[in-house]
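Take a look at the letters that make up each chain.
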Amino acid sequence: MDPPADGQTGPWAPPRLVWRDEWRLGIAALDADHQELVRLLNRLLESQGQAHADAEDQSADGGQGPAEPDQVAELAALVAHLRAHFGREEALMAAIAYPGLEDHRGEHAMQIAELLALCRELEASGARRLPSERLEWIKRWCFDHLVTEDRRLAEAYRIQQAHLGGANARTGGLP
C-alpha cells in the first residue's frame with residue numbers, strides 16, 4: 001500500500017503525506033502523536049521543495065536569494081518527536097504486556113539510529129538538503145509504521161482493555 005499524497009511539493013521532493021482518519025488507533029495520545037508526526041514529516045518534505053525553489057531563485061538573481069531552509073533542524077525536530085512518541089508507545093506496550101514489545105522497541109531504536117546517522121551525514125557534508133530518495137524512505141517508514149506495526153499494538157490494547165472492562169477502552173487514555 002502506498003502512502004496517500006495530496007500533490008507534489010515539487011518535482012524534487014516526494015509528495016506530502018496526507019493524514020487519514022482511518023489511521024486513528026483509538027488511543028488519544030498516540031493518535032495525537034501520529035498527527036504531529038505527519039505534520040513534521042510534511043514540514044521536512046516542504047523544506048525540500050523550498051530549498052530547490054530558493055536555489056533556483058539564487059541562480060536567477062545572482063546568488064542573492066533567500067537562504068536555503070535548514071533540513072538538519074527539520075530532521076532534528078522529527079527525531080525529537082519520535083523519541084518522545086516511541087517512549088509513550090513502549091510504556092503502553094509494557095503496561096499491557098505486549099508480546100511484540102522487544103521487536104517493536106528494536107525497530108524504534110533502529111529508526112532513531114538511522115535518522116541520527118542521516119542528520120550527521122547531512123551536517124558533515126555541509127549540504128542543507130536531503131536527497132529525495134532519503135526523504136521518500138523516511139516518509140515510507142513513517143507510513144508503514146503507522147498503518148501496520150502500531151495498528152497491531154492498538155488491537156492488543158483494545159483486547160486487553162475489553163478484558164479488563166476499563167475506562168481506558170472507552171477514553172483511549174494511556175495506562
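> When you look at helix α2 (residues 71-95) in this model, what are you seeing that I'm missing?
With 25 residues, α2 extends 36 Å from end C-alpha to end C-alpha; this agrees with the ideal 36 Å at 1.5 Å per step. Positive backbone phi, at 55°, marks Ala97, one or two positions downstream of α2.

> Whenever I open this one, the packing of aromatic side chains confuses me. Can you help?
Summed over the entire model, instances satisfying the criterion amount to three aromatic pairs. Look at Trp19 and Trp23: their rings are 5.5 Å apart centre to centre, the planes differ by 85°, and that puts the pair in the edge-to-face class. When the ring of Trp23 is compared with that of Phe143, the centres are 5.5 Å apart and the planes differ by 65°; the resulting orientation is edge-to-face. Here the residue Trp23 occupies a position in the segment before α1 (28-60), and Phe143 occupies one in helix α4 (residues 132-164), the gap between them amounting to 120 residues. One exposure class covers both Trp23 and Phe143, and it is buried. An aromatic cluster is defined as three or more aromatic residues linked by ring pairs; in this entry it consists of Trp19, Trp23 and Phe143. Sitting over the face of the ring of Trp137, Arg134 holds its NZ or CZ atom 5.3 Å from the ring centroid.

> Which parts of the structure should I look at to understand the side chain of Gln71?
Along the chain, the position of Gln71 falls in helix α2. Among the polar contacts listed, one links the side chain of Gln71 to the side chain of Ser47, at a separation of 3.1 Å. Sequence-distant contacts of Gln71, that is, excluding residues within four places in its chain, are made with Leu44, Ser47, Gln48, Leu122, Arg128, Arg129, Leu130 and Leu135.

> Would you mind going over unusual backbone geometry with me for this structure?
Trans is the common state for peptide bonds, and a negative phi is the common state for residues other than glycine. A positive phi angle, close to 55°, is found at Ala97, a residue other than glycine. Mapping Ala97 onto the fold places it in the loop between α2 and α3 (101-125).

> Would you mind going over the pattern of salt bridges with me for this structure?
According to the stated counting rule, one finds 12 salt bridges in the structure shown. When the shortest N-O distance is used, the salt bridge between Glu155 and Arg158 registers 3.2 Å. With Glu155 and Arg158 both in helix α4 and three residues apart, this pair spans about one turn of that helix. In this structure Glu155 comes out as partly exposed when scored by relative accessible area, which is 38%. With relative accessibility at 34%, the residue Arg158 sits in the partly exposed group. Three or more residues are tied together by salt bridges with common partners; here these are Glu90, Glu102 and Arg105.

Conventions we followed
Residues numbered from 1 in each chain as written. Predicted model: local features only at pLDDT ≥ 70, side-chain atom pairs only at ≥ 80, totals over all residues. Heavy atoms only, no water. Helix = DSSP H or I, 4+ residues; strand = E, 2+ residues; numbered from the N terminus. Expected span 1.5 Å × (residues − 1). Phe/Tyr/Trp six-rings, centres within 6.5 Å; stacked < 30°, edge-to-face > 60°. Buried < 20%, exposed > 50% of the residue type's maximum accessible area, 1.4 Å probe, protein only. Lys NZ or Arg CZ within 6 Å of the ring centre and 35° of its normal. Polar contact = N/O pair within 3.5 Å; in protein donor to acceptor, adjacent residues only side chain to side chain. Contact = heavy atoms within 4.5 Å. Salt bridge = Lys/Arg side-chain N within 4 Å of Asp/Glu carboxyl O.

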